[in-house]
Amino acid sequence: TSPPTMASPTLSPDSSSQEALSAPTCSPTSDSENLSPDELELLAKLEEQNRLLEADSKSMRSMNGSRRNSGSSLVSSSSASSNLSHLEEDTWILWGRIANEWEEWRRRKEKLLKELIRKGIPHHFRAIVWQLLCSATDMPVKNQYSELLKMSSPCEKLIRRDIARTYPEHEFFKGQDSLGQEVLFNVMKAYSLVDREVGYCQGSAFIVGLLLMQMPEEEAFCVFVRLMQEYRLRELFKPSMAELGLCIYQFEYMLQEQLPDLNTHFRSQSFHTSMYASSWFLTLFLTTFPLPVATRVFDIFMYEGLEIVFRVGLALLQVNQAELMQLDMEGMSQYFQRVIPHQFDSCPDKLVLKAYQVKYNPKKMKRLEKEYAAMKSKEMEEQIEIKRLRTENRLLKQRIETLEKENPRLTEDFVSHLETELEQSRLRETETLGALREMQDKVLDMEKRNSSLPDENNVAQLQEELKALKVREGQAVASTRELKLQLQELSDTWQAHLARGGRWKESPRKLVVGELQDELMSVRLREAQALAEGRELRQRVVELETQDHIHRNLLNRVEAERAALQEKLQYLAAQNKGLQTQLSESRRKQAEAECKVQTPMRQRIAELEIQREEGRIQGQLNHSDSSQYIRELKDQIEELKAEVRLLKGPPPFEDPLAFDGLSLARHLDEDSLPSSDEELLGVGVGAALQDALYPLSPRDARFFRRLERPAKDSEGSSDSDADELAAPYSQGLDN
């Protein structure tokens, strides 16, 4: 498909001709050696135009954009083309040729195209070039745009709320019902319906607003959809913002690597990267720089992606490192808001040049992406586990609260049941530890048996030694056979020589020859004997060497076994230490458990003993035959107490009074009486009366002691005995 014609390029309402048509005098990258003479001439003309525009910055300041009557696109100014100079016409021709021959330029002149984009796309051509850069000239979603506007979106209220805060100072977006706000709402609403997972995010409105300054809303919608799909923006604007976390992680690594002192200062001031860099990635510097500078960055972003954001961000920190090192957290925040955005207003080319002096390694960024993904995966697993534990804890709390509300007694039973289960679990744990120790002992025994056996390497070595020994034995046997044959031949020759005999008949010459032959034969025999002895000695040496080799191997095996035993000894010592620690811990836990169990039991036993004693005493009182007399005595005690209270009424007597032998000189006080009925019964009724009221005679004391006898003694006594015992006491009271 052929690209759209350039009959009516659009104008930006905010950008000046100097920013739009200027070319930097120094390029971030130099590819001039690969350019043709015509292209070099065009670049020279662009540089000349830049110098002229710097000399006369007011040459095209009056150019302003206007909107079409339909309200859906920006129209070009008819006066702009009439004021173009000769150099500007060359720029028009160059970019017009690039737009019409786009595919060829992308394939064959990619370096020159990159160079021209980094120098800045003229604002007249941005609409078509941006669409060509992101391949948004012919998208099927464009035909759905009008239908999407008829639908309703759940994000409409959020979009309406944030539209007034998007480029609030720009003429195109001023006013509540302005055309800019209306088309911005349409595009954001349409995308929220196309991508319901992302929906709407406030930072994306600034990108759409910049697109609407350059092109109609349908085309801006298509370009925005392509940016979200192909330029990682969709991951940035997802509700989780996982891609933003990755970008911050990568940027922090670059900061730590290239500006370590500034990174340390940021950390010391708790000035986190997300505090100043999040808007850089979410809005592509559109909320940081003025529009002329931010549009230059956006030009490069359309061709090279998010790499330019990393480069520009680190370049800003490099330029301002010295100033930032002198500021605290609040000062740095103000510096990022007020100073940094306007540093490159007059020369955006300097910012681009600084950005491409920053070191950027794509392979390292990929590695960081993998590290971040692994780290997030681990964090996600931990969060899932924490969430599960929190859910279980909440359910257990609810269950406990429900049980406590239903029946407190049931809760006590439940706690007792849990304690029983805990004790059983500890017993099972002890049994398991015992079984584990037995298994460990068996494993050590098996390892010991296994270590006594030769390993595979030793077996192979022994087999090789056995083969060598068999070879040497065969050689020795062959040598022995040869010697035996030689000896047999010599013996036969000697016997034949002796058998000839009769040498005395022969001539002297033959006798001499015979003697010489005899000597030669003797020499040969001695030589054969010497050879036999030598070979025997060599055989002995071989045997000794073999034994020495075997002994060395045996020593090596013994040394290896000793080292293994030493390691096992260390392991057993460590294991014994661990077991001692476990034993101490188990004893401590057992003591705590016994203390926890025995304390309530002892309290319960004491309570039961008290209850038993009270029950025994109560039973004695209820079932004793003398209970009636005890009640009568209690009545008499009450009467005596009443008399004592009457006697306490008047002032005390100077001399003790006596009533028929009963002395009342010792007055009652609260400390001398029992504090309760139980104490009264515990010390005996008679003893309490004797100590508290008056001294008794021996006869009265015997009477009260007989009343304090157990019920079994009182059962054996008759009523007449009781009357007989009580008669003297009653007579004394009557007197």
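Residue indices begin from 1 for each chain and proceed along its sequence in written order. With the structure being a predicted model, the display of local features is reserved for residues of pLDDT at least 70 and the display and counting of side-chain atom pairs for 80 or more, all residues being used for whole-chain, interface and lining totals. With hydrogens and water stripped out, all remaining heavy atoms of the structure feed into the side-chain values.

- Going by the annotation in an unreviewed UniProt entry, the name recorded for the protein chain is Ecotropic viral integration site 5 like, with Pan paniscus given as the source organism.

**Observations concerning the overall build of the protein chain**
Alright, step 1. Runs of H or I in DSSP of at least four residues are treated as helices and runs of E of at least two as strands, each being numbered from the N terminus. Along its length, the protein chain carries 31 helices and 4 strands.
Alright, step 2. For the exposure calls, accessible area comes from a 1.4 Å probe over protein chains only, and a residue counts as buried if that area is under 20% of its type's maximum, exposed if over 50%, partly exposed in between. For the protein chain, the proportion of its 735 residues judged to be buried stands at 34%.
Alright, step 3. The contacts in the protein chain between residues at least 6 apart in sequence include a share of 77% that link residues at least 24 apart.
Alright, step 4. Of the roughly 46,200 Å² that the protein chain leaves accessible, carbon and sulfur atoms contribute 52%. In this description, contact between two residues means that some pair of their heavy atoms is separated by no more than 4.5 Å. Computed with the Shrake-Rupley method and a 1.4 Å probe, the accessible areas treat only the protein chains shown as cover for residues.

**Concerning the nonpolar core**
Alright, step 1. Only buried Ala, Val, Leu, Ile, Met, Phe, Trp, Tyr and Cys residues count toward a nonpolar core, and they belong to the same one when joined by side-chain atoms within 4.5 Å. Formed by 113 residues in total, the largest nonpolar core has its most connected members in L227, F266, Y276, F298, F301 and L317.
Alright, step 2. Here this core takes 9 residues from helix α17 (residues 291-304), the largest share from any one element.
Alright, step 3. When residues no more than four places from it in sequence are discounted, the contact partners of F301 are L227, Y231, L233, L284, L306 and I308.

**Quick word on empty space enclosed by the protein**
Remark: the empty space left among the atoms is shown by a probe the size of a water molecule rolled over them.
Alright, step 1. Using a grid of 1 Å spacing that covers the protein atoms alone, one calls a set of points a cavity when a 1.4 Å probe fits there but cannot get out, and a pocket when the set is open and has protein on both sides within 12 Å along at least five of seven lines; lining residues are those with an atom within 4 Å of a point. Grid points are joined across faces, edges and corners, and a volume is the space filled by probe spheres set on the points. Overall, the coordinates contain 2 cavities of 30 Å³ or more when judged by the stated rule.
Alright, step 2. Taken together, the elements giving at least two residues each to the lining of the second largest cavity come down to α17, α18 (307-319) and α21 (348-355).
Alright, step 3. The dominant element in the lining of the second largest cavity, judged by the number of residues it contributes, is α17, at 4 residues.
Alright, step 4. Considering only residue class, the lining of the second largest cavity consists of 8 nonpolar, no polar and 1 charged. Note on residue classes: Ala, Val, Leu, Ile, Met, Phe, Trp, Tyr, Cys and Pro are nonpolar, Asp, Glu, Lys and Arg are charged, and everything else, Gly too, is polar.

**Section: the packing of α17 against α18**
In a packed pair of helices, the relevant descriptors are the angle between the two axes and the axis-to-axis distance.
Alright, step 1. Axis definition: a line fitted to C-alpha atoms, over the contacting stretch in the case of helices. Angles run 0 to 180 degrees between N-to-C directions. Two elements in contact, α17 and α18, have axes separated by 8 Å at closest approach and are oriented at 140 degrees. Judged by the angle between their axes, α17 and α18 are oblique. Along its contact with α17, which presents V297, I300, F301 and E304, the element α18 presents E307, I308 and V312.
Alright, step 2. Counted by class, the contact of α17 with α18 contains 5 nonpolar, no polar and 2 charged residues. Every angle not falling under 35 degrees, over 145, or within 65 to 115 is termed oblique; those three ranges are roughly parallel, roughly antiparallel and roughly perpendicular.

**Topic: the side chain of Q181**
Alright, step 1. Take Q181: it is sitting in helix α10 (residues 179-194).
Alright, step 2. Counting of polar contacts relies on pairs of N or O atoms within 3.5 Å, with two restrictions inside protein: one atom must be capable of donating a hydrogen and the other of accepting it, and residues adjacent in sequence are counted only when both atoms are side-chain atoms. Within the local environment of Q181, its side chain forms a polar contact with the backbone oxygen of F173, the two atoms lying 3.0 Å apart.

**So, a nonpolar patch on the surface**
Alright, step 1. By definition, no residue in a patch forms a salt bridge, and every one has over 30% relative accessible area; like charges are joined within 9 Å, nonpolar side chains (Val, Leu, Ile, Met, Phe, Trp, Tyr) within 5 Å. When a carboxyl oxygen of Asp or Glu lies within 4 Å of a side-chain nitrogen of Lys or Arg, that pair is called a salt bridge. On the surface, a cluster of nonpolar side chains totalling about 250 Å² of accessible area is made up of V597, M601 and I605.
Alright, step 2. With respect to the helices, strands and loops of the structure, I605 is situated in helix α25 (residues 508-623).

**Side note on helix α16 (residues 274-283)**
Alright, step 1. Summarising burial for α16: 7 of the 10 residues are buried, a large majority.
Alright, step 2. Within α16, the full set of buried residues consists of Y276, A277, S278, W280, F281, L282 and T283.
Alright, step 3. Tucked inside the fold, the buried residues of α16 contact α11 (202-212), α13 (233-237), α14 (242-258), α15 (260-268), α18 and α20 (329-338).
Alright, step 4. Count one or two residues on from α16 and you reach L284, which has phi positive near 55 degrees.

**Looking at the environment of P348**
Alright, step 1. By secondary structure assignment, the location of P348 is in helix α21.
Alright, step 2. For the pair P348 and V297, spaced 51 residues apart in sequence, the C-alpha to C-alpha distance is 8.9 Å.

**Thoughts on a negative patch on the surface**
Alright, step 1. Taken together, the side chains of E632, D635, E638, E639 and E643 define an acidic patch exposed on the protein surface.
Alright, step 2. With respect to the helices, strands and loops of the structure, E639 is situated in helix α26 (residues 627-648). Charge assignment in this entry is limited to Lys and Arg as positive and Asp and Glu as negative, and neither His nor the chain termini are counted. Where a charge lies is defined by one atom per residue type, namely NZ (Lys), CZ (Arg), CG (Asp) and CD (Glu).

**Considerations on unusual backbone geometry**
Alright, step 1. The backbone of Y167 shows a phi angle near 50 degrees, a positive value even though the residue is not glycine.
Alright, step 2. Note on Y167: relative accessible area 8%, which makes it buried.
Alright, step 3. Phi is positive for L284, close to 55 degrees, though the residue is something other than glycine.
Alright, step 4. The residue L284 is located in the loop between α16 and α17 in this model.
Alright, step 5. In this structure L284 comes out as buried when scored by relative accessible area, which is 1%.

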